[in-house]
Amino acid sequence: MLALDIIAKKRDGLALSKEEIEFFIQGLMQGETPDYQVAAWLMACYLQGMNTEETAHLTYAMAHSGRTLDVGDIAPLAVDKHSTGGVGDKTTLVVAPLVVAAGLSVAKISGRGLGFTGGTLDKLESFPGFTSDLDMSQFLDNFAKYRIVVVAQTPDLVPADGKLYALRDVTATVGSIPLIASSIMSKKLAVGARAIVLDVKVGKGAFMKSESKAIELARAMIDLGESLGRRVMALISDMNQPLGYTVGNALEVKEAIDTLQGAGPADFTTHCLTVGAQMLLLAEQAKNEQEAQLKLQDILKSGQAIANLKDLVGAQGGDTASIEDPVLLPQAKLVHLVISPQEGYISQLDAMEVGLTAVDLGAGRKKKNEPVDHAVGIVLHKKIGDRVERGEDLATIHAQNQQALERAQGRLLAAYDIQEEPVEPPTLIHHILR
Ligand code: URA
């Protein structure tokens, strides 16, 4: 078998066999297939798609590119959640400590920023000293001790996803249903909780722009999960505008801390309570959604979940002092207000443009393995449906230099649309699929 023939077969729209997919993933892992061939194969998969069997074979091959373990054997009530990627999506930072405070356990493999979307690991690495590269024994020890651990793909854990993810990020091949579904579900299969809540984002700042595509992705992942013996449900949630008010790593961490103390923005708090409630339901720790939400609301009000965030950050080498005092988080040199040029109601706030602006400021990567700047980003002051007066603040930019700041200002102004008539804010949760 040759990698070249497998690329050509996919390029021509033919289905790959289990053996061909396994051969390709092995070539990737053993360094025999160079990046340029993997990139060509990814583009062929992106353009030609993959059928259900190919996606299942790819998921299985990726999951078994490293070790696999069932975290349900180590700590009780292990439940996982995973987002398909969005802008301002810091949900894991809140939901994981929150559900752990409610008695569940969370062991997660998370990702870094991908394209215009942010990544949980980049956000967590805003805590000075935090590492997501734990070896297997540290991973298991932390999980057994604290019931919360968030790591990266390592040479031990789904290494094939680590390699493919980094290449997809820089070859415009992220937004493909089989590639996203296999990337996410291989991680769930490798470090598997038996119950998984998928947060499938839809809209301008998501990889799935239409509801029908988001539902197709959710169904593909539910089917994959169920065929692998997991209980899976999916939310289809809005990503037309950023979630919450911050975009950029340390800024998002600060917003997550506020939310865990019961002082987060309404949309983000509601989103976290919805995802968390579904996790409690899947773990059979609440009779219905209302009971689950009330339980989690009480935890948020009491601020007790902050202790679980401290456990997570501290056990992985991070400085927990910045949880008490977020001023200790990385800070940008320049902070600049963007002022509204007109009055009216915000009718659009293009999440993808805001995400790309954050990447351009340095919060994400333009090249493979580039470091990110944890300090930079955007704080929004107005979102869809809000009234704004001429000269009022629309957003604040946190930048490291004047040129980046000026580019960001132009882009942000273009991301906002303002109209005379009042506007309804978008629905947060579009569908719940079981
Ligand atoms: N999250 C992942 O883990 N993988 C993707 O491909 C997209 C989002």
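Note that the structure is a prediction, hence the values are computed from the model and not measured.

A. Structural detail: the site of the ligand. Around the ligand, the neighbouring residues are H82, S83, T84, L114, Y165, R168, I180, S183, I184 and K187. The side chain of S183 places a nitrogen or oxygen atom 2.7 Å from a nitrogen atom of the ligand. Notes on the ligand: free accessible area 240 Å², of which the protein chains cover 96%. When contributions to the shell around the ligand are tallied by element, the ones reaching two or more residues are β2 (79–83), α8 (159–169) and α9 (177–190). By residue number, the principal contributor to the shell around the ligand is α9, which donates 4 residues. Residues belonging to the shell around the ligand are distributed by class as follows: 4 nonpolar, 4 polar and 2 charged.

B. Examining the packing of α8 against α9 more closely. Axis separation between α8 and α9 bottoms out at 11 Å; the angle between their running directions is 145°. The crossing of α8 and α9 is left-handed. Between α8 and α9, the residues in contact are D161, Y165 and R168 and L179, I180, S183, S186 and K187, respectively. Taken together, the residues of the contact of α8 with α9 break down into 3 nonpolar, 2 polar and 3 charged.

C. Examining the sheet that holds strand β6 (residues 195–202) more closely. The sheet built from 4 strands is open, its strands ordered β2-β6-β7-β15 with mixed pairing. The open sheet terminates on both sides in strands that have one partner only, identified here as β2 and β15 (429–433). Ignoring which end each strand starts from, the neighbouring axes of this sheet average 15° apart. Where β6 lies against strand β7 (residues 231–238), 8 bridges are found, and the strand directions are parallel. From the neighbouring strand, I196 faces β7, where its bridge partner is V232. Strands in contact with helix α10 (residues 211–227) are β6, β7 and β15; relative to β6, the strand with the most contacts, it is inclined by about 165°.

D. Layout of the nonpolar core. Counting 106 residues, the largest nonpolar core has F127, L198, V200 and M279 as the members making the most contacts within it. When residues in this core are grouped by element, the largest group, 8 residues, is from helix α12 (residues 266–282). Every residue in contact with F127, bar those within four places of it in the chain, is listed here: V253, I257, V313, G318, D319, S322, I323 and L329.

E. Here's a closer look at the packing of helix α1 (residues 3–11) against helix α2 (residues 18–29). One way to put it is that α1 packs onto α2 with a least axis distance of 10 Å and a crossing angle of 125°. With respect to α2, the axis of α1 lies oblique. Considering how the two elements wind past one another, α1 and α2 form a crossing that is left-handed. In contact with A3, I6, I7 and K9 of α1, α2 contributes E20, F23 and F24. Considering only residue class, the contact of α1 with α2 consists of 5 nonpolar, no polar and 2 charged.

F. Summary view of helix α16 (residues 351–361). The buried count for α16 comes to 8 of 11 residues, which makes it a mostly enclosed element. When α16 is considered as a whole, its buried residues turn out to be A351, V354, G355, T357, A358, V359, D360 and L361. Check the buried side of α16 and you find it contacts β8 (246–247), β10 (344–349), β11 (377–380), β13 (393–399) and α17 (402–415). Its side-chain oxygen at 3.0 Å from the backbone nitrogen of M352, D350 defines the N-terminal cap of α16. Positive phi appears at G362, one or two residues downstream of α16, with a value of about 115°.

G. Focus on the sheet that holds strand β14 (residues 416–419). Ordered in space as β12-β10-β14, the 3 strands form an open sheet in which the pairing is antiparallel. Unpaired on one side and paired on the other, β12 (387–388) and β14 mark the two borders of the sheet. As paired strands, β10 and β12 are joined by 2 bridges and run antiparallel to one another. Of the residues in β12, the one forming a bridge with Y345 is R387. The strands touched by α17 within the sheet are β10 and β14, with β14 carrying the most contacts at an inclination of about 45°.

H. Main features of the environment of T269. Along the polypeptide, T269 turns up in helix α12. On the basis of relative accessible area, T269 is assigned to the buried category, the value being 16%. The residues contacting T269, other than those within four sequence positions of it, are T259, G264 and L300.

I. Main features of the pairing of β6. Here β6 lies mainly inside the structure; 8 of its 8 residues are buried. The alternating pattern of β6 places A195, V197, D199 and K201 on one face and I196, L198, V200 and V202 on the opposite face, and all of these are buried. Across 5 bridges, the pairing between β2 and β6 is parallel. Along β6, the bridge assignment pairs S83 with D199. In terms of handedness, the path from β6 via α10 over to β7 forms a crossover that is right-handed.

Rules used in this analysis
- Residues numbered from 1 in each chain as written.
- Predicted model: local features only at pLDDT ≥ 70, side-chain atom pairs only at ≥ 80, totals over all residues.
- Heavy atoms only, no water.
- Near = heavy atom within 4 Å.
- Polar contact = N/O pair within 3.5 Å; in protein donor to acceptor, adjacent residues only side chain to side chain.
- Areas by Shrake-Rupley, 256 points an atom, 1.4 Å probe, with all protein chains shown as cover.
- Helix = DSSP H or I, 4+ residues; strand = E, 2+ residues; numbered from the N terminus.
- Nonpolar A, V, L, I, M, F, W, Y, C, P; charged D, E, K, R; others polar.
- Axes fitted to C-alpha atoms, helices over the stretch in contact; angles between N-to-C directions.
- Left-handed = near helix turned anticlockwise from the far one by under 90°.
- Contact = heavy atoms within 4.5 Å.
- Pairing = 2+ DSSP bridges.
- Core = buried A, V, L, I, M, F, W, Y, C linked by side-chain atoms within 4.5 Å.
- Buried < 20%, exposed > 50% of the residue type's maximum accessible area, 1.4 Å probe, protein only.
- Parallel < 35°, antiparallel > 145°, perpendicular 65-115°, else oblique.
- Right-handed = clockwise from strand over helix to strand, strands pointing away.

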